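The primary structure of each chain is shown beneath.
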Amino acid sequence: MTAQPTLLLVLDLAGTFVFALDGAVTALRVTRLDIVGAITLGMVTAIGGGIIRDLLIGAVPPATFSDWRYLAVATAGGLIAFGQGRWLQRLTLPITVLDAAGLSLFAVTGASKALDYGLGAIQAVILGAITGVGGGTMRDVLIRRIPAVLHRGLYAIPAIIGAGITVAAVRGGVFGPISAVAAAAVCFLVRMLGVRYDLNAPGPPRAPR
Amino acid sequence: MTAQPTLLLVLDLAGTFVFALDGAVTALRVTRLDIVGAITLGMVTAIGGGIIRDLLIGAVPPATFSDWRYLAVATAGGLIAFGQGRWLQRLTLPITVLDAAGLSLFAVTGASKALDYGLGAIQAVILGAITGVGGGTMRDVLIRRIPAVLHRGLYAIPAIIGAGITVAAVRGGVFGPISAVAAAAVCFLVRMLGVRYDLNAPGPPRAPR
Amino acid sequence: MTAQPTLLLVLDLAGTFVFALDGAVTALRVTRLDIVGAITLGMVTAIGGGIIRDLLIGAVPPATFSDWRYLAVATAGGLIAFGQGRWLQRLTLPITVLDAAGLSLFAVTGASKALDYGLGAIQAVILGAITGVGGGTMRDVLIRRIPAVLHRGLYAIPAIIGAGITVAAVRGGVFGPISAVAAAAVCFLVRMLGVRYDLNAPGPPRAPR
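Residues numbered from 1 in each chain as written. Chains lettered and ligands numbered in written order. Predicted model: local features only at pLDDT ≥ 70, side-chain atom pairs only at ≥ 80, totals over all residues.

Undergrad: Help me understand the interface of chain B and chain A in this model?
TA: Frequently, the measure chosen for interface size is the accessible area that the parts lose on association. The partner chain A presents 25 residues to the 26 residues of chain B that form the contact. Counting residues per element, the ones that place at least two in the side of chain B that touches chain A are helix H2 (35-57), helix H3 (63-66), helix H4 (68-88) and helix H6 (121-142) of chain B. In terms of residue class, the side of chain B that touches chain A is made up of 16 nonpolar, six polar and four charged. (Contact = placed C-beta atoms within 7 Å. Helix = DSSP H or I, 4+ residues; strand = E, 2+ residues; numbered from the N terminus. Nonpolar A, V, L, I, M, F, W, Y, C, P; charged D, E, K, R; others polar.)

Right, here's the structure in full:
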């Protein structure tokens, strides 16, 4: 991940921004919030997954929390959602696309960081997925929704696939900017196919749904 | 705890498996989940308490997360619950018994580990109880239930008793396989008596219930 | 903060006590709890914010958890709320005042501790606010309420102001008992003005409320 640090930082900040925007817009749609609530939920959505990952691997203070740029773009995302929420709610497709991009990027960088800290392959895949879905899950708990990732759509599975490709590439000694982008692209593609064709992870057998 | 490491590992893995199974079955009864949700909630129930304990004592990455065997049995528990949930829901008594066994074991091992990390006696008792009840509490929060431990039945109290006996035995210099099993047995017995006679922790005085 | 350690300890313990009392009273008002639930929610409210802060700055085991005096006063607060909850619910004003005092104190001590651990100014302000509002937020999640801090009244904003003054004083080299009390007093004043005049943080523009 060291070959293109500037590109990766820009992508990571872009993912943080769109997660904050999307997270706060979703929260405002579901419940009543003041400006503090909108910014808080935007931040939680954007950096919550990375914070859980960093707590579990012992990287404290968490990176996204220490670096003011992440806090700044997350705050900006929450603020814009707060001020323009009604207008933004109409931009469903662009937000879905950007959210999928954030998910893909976080899955790849999350898995890569877990390996850097010496965790095993399975753990790194799980941590990649947690980085991608953890923030939205925390937001859903705070606004009293059952986290969407547990019951709806293809969301965790693309993240697991993207993190899995990342781990395989690192273990195979071929991880670099190209394989990172490829892993993120596969995650993105699976996620968007899921959206396009309304795919879901399998439900319980013969249970009334 | 070093006298019978294999026995203890087997018991610990058995506790993890049954907590995952029980946790996912409970979650499937309460809400709609896909396969990702069932496995996630099984894992959260099984290893969530140990993760909270390890974060609080600074043992990162958490042991149950680092060791793939815990992840494997927790995943297996969640998968079986997902596939066989409707049938498993009829096995109320065996699952209650196994759940009580898991609670007892986790309370003892949790308190013992906290003492190993230099925490005080009161803290070790609390951490033993958290190890036992923390995972189920996290699951309940995720599926939007008020955690059962806060208002129903005797669940935290047996865990506190088991953890308390463990701490007393360690401090008295008599902790070993026999006293560990004895502490777990007392916890198990109190829990099962609570189930059998439908005992509850005291409610608020004169409050309408 | 070393000039008056006894005074500060007394204030900190007083804040912990009142947060536990207030937290358990609030929880008992909203939902049905047994004695374990009341004590647990009192403790969570009182020491939860400090625990989140300490996990994020890497100060484990968390201070309020290691020190039995915090656990003792938190337990006492929860127990008194449990036994006298119906009577205490009538003491609205004294409890609001004490809660504001606890918030003010925790915001100041939380921000100061974050700076001691080498975090930046923005992070310290956020951590001061988290120390003040984190415990109540955790309690609200556990009893299935949307955290009040996200949508109602002036609660996070006074904490942010108090933490901000603290950080400015430390960075300006003038932090001591007097500036600590001044920062807490400003936070307290803003909070009480918000209560008195029923002020709220701004809501979304033109959204139906």
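Undergrad: Can you help me understand the relation of the copies chain B and chain A in this one?
TA: Both copies of the chain are related by a screw-like operation: a rotation about an axis and a shift along it. Here chain B sits on chain A after a turn of 120 degrees about the axis and a move of 0.0 Å along it, with an RMSD of 0.0 Å. Each copy turns onto its partner about a three-fold axis. The share of interface residues of chain B whose copies in chain A are also at the interface is only 12%, consistent with the copies meeting through different surfaces. (Least-squares fit on C-alpha atoms with pLDDT ≥ 70 in both.)

Undergrad: So what exactly am I meant to see when it comes to the interface of chain A and chain C here?
TA: Contacts between the two partners involve 26 residues from chain A, matched on the other side by 25 residues from chain C. Listed by contribution, the elements that provide at least two residues to the side of chain A that touches chain C are helix H2 (35-57), helix H3 (63-66), helix H4 (68-88) and helix H6 (121-142) of chain A. Grouping the amino acids of the side of chain A that touches chain C by side-chain chemistry returns 16 nonpolar, six polar and four charged.

Undergrad: I tried to follow the relation of the copies chain A and chain C on my own but got confused; where do I start?
TA: Turning chain A through 120 degrees and shifting it by 0.0 Å along the axis lays it on chain C, with an RMSD of 0.0 Å. By residue overlap, the copies meet through two different surfaces: only 12% of the interface positions of chain A are interface positions in chain C.

Undergrad: I tried to follow helix H5 (residues 92-116) of chain A on my own but got confused; where do I start?
TA: Because each turn of an α-helix spans 3.6 residues, side chains separated by three or four positions in sequence point in the same direction. With 25 residues, H5 of chain A ought to run about 36 Å at 1.5 Å a step, and its terminal C-alpha atoms sit 36 Å apart, in line with that. Note on H5 of chain A: the residue one or two positions beyond its end, Gly 118 of chain A, has a positive phi of about 85 degrees. (Expected span 1.5 Å × (residues − 1).)

Undergrad: What's the story with the environment of Phe 65 of chain A in this structure? I'm lost.
TA: Locating Phe 65 of chain A in the fold gives a position in helix H3. On the neighbour-count criterion, Phe 65 of chain A (23 C-beta atoms within 10 Å) is buried. Along the chain, Phe 65 of chain A and Leu 103 of chain A lie 38 residues apart, while their C-alpha atoms are 18 Å from each other. Every residue in contact with Phe 65 of chain A, bar those within four places of it in the chain, is listed here: Ile 47 and Ile 51 of chain A together with Leu 56 and Gln 123 of chain C. (Buried ≥ 20, exposed ≤ 12 C-beta atoms within 10 Å, placed from the backbone.)

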